[in-house]
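Residue-level listing of the chains:
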Amino acid sequence: MIRLFVAFDLPADLRLRLTGLRGQVPGARWVPAENMHLTLRFVGEVTESVAEDVHDALARVAGDPFEIQLFGVGQFDSRGQVHALWAGVARNEVLTRFQTRIEAACQCAGLAPESRHFHPHVTLARCRDTRLARVAPFVAVHAGFQAAPFQVDSFVLYSSALGRSGPSYISEVVYPLGASVTTDQD
Ligand code: 3AM
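### Quick word on the site of the ligand
Then, in step 1: Taken together, Arg-3, Phe-5, His-37, Thr-39, Phe-42, Arg-116, His-121, Thr-123, Arg-126 and Tyr-169 make up the full set of residues near the ligand.
Then, in step 2: Measuring from a nitrogen atom of the ligand, one finds a side-chain N or O atom of Arg-116 at 3.1 Å.
Then, in step 3: Relative to its unbound accessible surface of 480 Å², the ligand loses 72% to contact with the protein.
Then, in step 4: For the shell around the ligand, the elements supplying multiple residues, two or more each, are β1 (2–9), β3 (37–46) and β7 (121–127).
Then, in step 5: Here the residues of the shell around the ligand sort into three nonpolar, four polar and three charged.

What follows is the structure, encoded as structure tokens:
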């Protein structure tokens, strides 16, 4: 079995800038710069055979490079407990359409539809035992966060290994955007 997800990689200077947002938040474990990405689809644990089908479907996703801008910060929470802190993404219809194509490709490969609404973000920290009120200062301080737009010209199929010191991600396949799509008939 292999644990997979699909994401956009981020430029190194942007990841460095995001590490500058770290602050005093009780219970926050900050994501190392090399692990930062913008998730498009969590695939989960699949067999090698399903992984091949996902790869084949992703290889057929066409699209041109486009720009993304990170904007604002926020948190995922439920019942007053915060699970993650994130940097948000400025409203972007191209990104929304692109993610829909990734979702369609994953379903073509036999995956169950993702039930959760796509909320584009870059996770900055995962939190444990962090009450909502404790992240309010962090969110207030960085409410105006805005990064320079960057161009995405590829997307990545990552594998994820869960270790004791946190997950480590390996870039399994990079799919360029704007390149002509090849098929078995070519
Ligand atoms: O870094 P982010 O948050 O964008 O949260 C996990 C991470 O995305 C997400 O997949 C990415 C790589 O681990 N993830 C992990 N487990 C998940 C699950 N069961 C999940 N997303 C949805 N459902």
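### Observations concerning the sheet that holds strand β5 (residues 70–78)
Then, in step 1: With antiparallel pairing, the four strands of this open sheet are ordered in space as β2-β7-β6-β5. Taken across any chain shown, the strands that pair with only one partner, and hence form the sheet edges, are β2 (28–30) and β5. Neighbouring strand axes in the sheet, compared pairwise and without regard to direction, differ in orientation by 30° on average.
Then, in step 2: Bridge count between β2 and β7: three bridges; the pairing is antiparallel. Pairing of Ala-28 across the sheet is with Cys-127, part of β7.
Then, in step 3: Sheet contacts for helix α4 (residues 132–141): β2, β5, β6 (81–89) and β7; angle to β5, the most-contacted strand, approximately 175°.

### Examining the sheet that holds β1
Then, in step 1: Here four strands make up an open sheet; going across it, the order is β3-β1-β9-β10 and the pairing antiparallel. Two strands in the sheet have a free side with no partner beyond their single neighbour: β3 and β10 (166–176). Each adjacent strand pair in this sheet contributes to an overall mean axis angle of 25°, direction not counted.
Then, in step 2: In terms of strand pairing, strand β9 (residues 154–163) meets β10 through ten bridges, oriented antiparallel. The residue bridging Ser-160 from the neighbouring strand is Tyr-169, located in β10.
Then, in step 3: Against the sheet, helix α3 (residues 93–108) makes contact with β1, β3 and β9, and its axis sits at roughly 10° relative to β3, the strand it touches most.

### As for the pattern of salt bridges
Then, in step 1: Inspection of every chain in the model, using the stated rule, returns three salt bridges.
Then, in step 2: Between Glu-93 and Arg-91 there is a salt bridge, with its nearest N and O atoms 2.9 Å apart.
Then, in step 3: With relative accessibility at 40%, the residue Glu-93 sits in the partly exposed group.
Then, in step 4: By relative accessible area, which is 77% here, Arg-91 ends up exposed.
Then, in step 5: Among the ionic pairs, Arg-116 bridges to Glu-114, the shortest N-O distance being 3.9 Å.

### Focus: the nonpolar core
Then, in step 1: Phe-8, Leu-18, Ile-68, Leu-70 and Phe-155 are the most contacted members of the largest nonpolar core, which has 51 residues in total.
Then, in step 2: In terms of residue count, α3 provides more of this core than any other element does, five residues in total.
Then, in step 3: Sequence-distant contacts of Leu-18, defined by excluding residues within four places in its chain, comprise Leu-10, Met-36, Leu-70, Ala-87, Val-122, Leu-124 and Phe-145.

What counts as what
- Residues numbered from 1 in each chain as written.
- Predicted model: local features only at pLDDT ≥ 70, side-chain atom pairs only at ≥ 80, totals over all residues.
- Heavy atoms only, no water.
- Near = heavy atom within 4 Å.
- Polar contact = N/O pair within 3.5 Å; in protein donor to acceptor, adjacent residues only side chain to side chain.
- Areas by Shrake-Rupley, 256 points an atom, 1.4 Å probe, with all protein chains shown as cover.
- Helix = DSSP H or I, 4+ residues; strand = E, 2+ residues; numbered from the N terminus.
- Nonpolar A, V, L, I, M, F, W, Y, C, P; charged D, E, K, R; others polar.
- Pairing = 2+ DSSP bridges.
- Axes fitted to C-alpha atoms, helices over the stretch in contact; angles between N-to-C directions.
- Contact = heavy atoms within 4.5 Å.
- Salt bridge = Lys/Arg side-chain N within 4 Å of Asp/Glu carboxyl O.
- Buried < 20%, exposed > 50% of the residue type's maximum accessible area, 1.4 Å probe, protein only.
- Core = buried A, V, L, I, M, F, W, Y, C linked by side-chain atoms within 4.5 Å.

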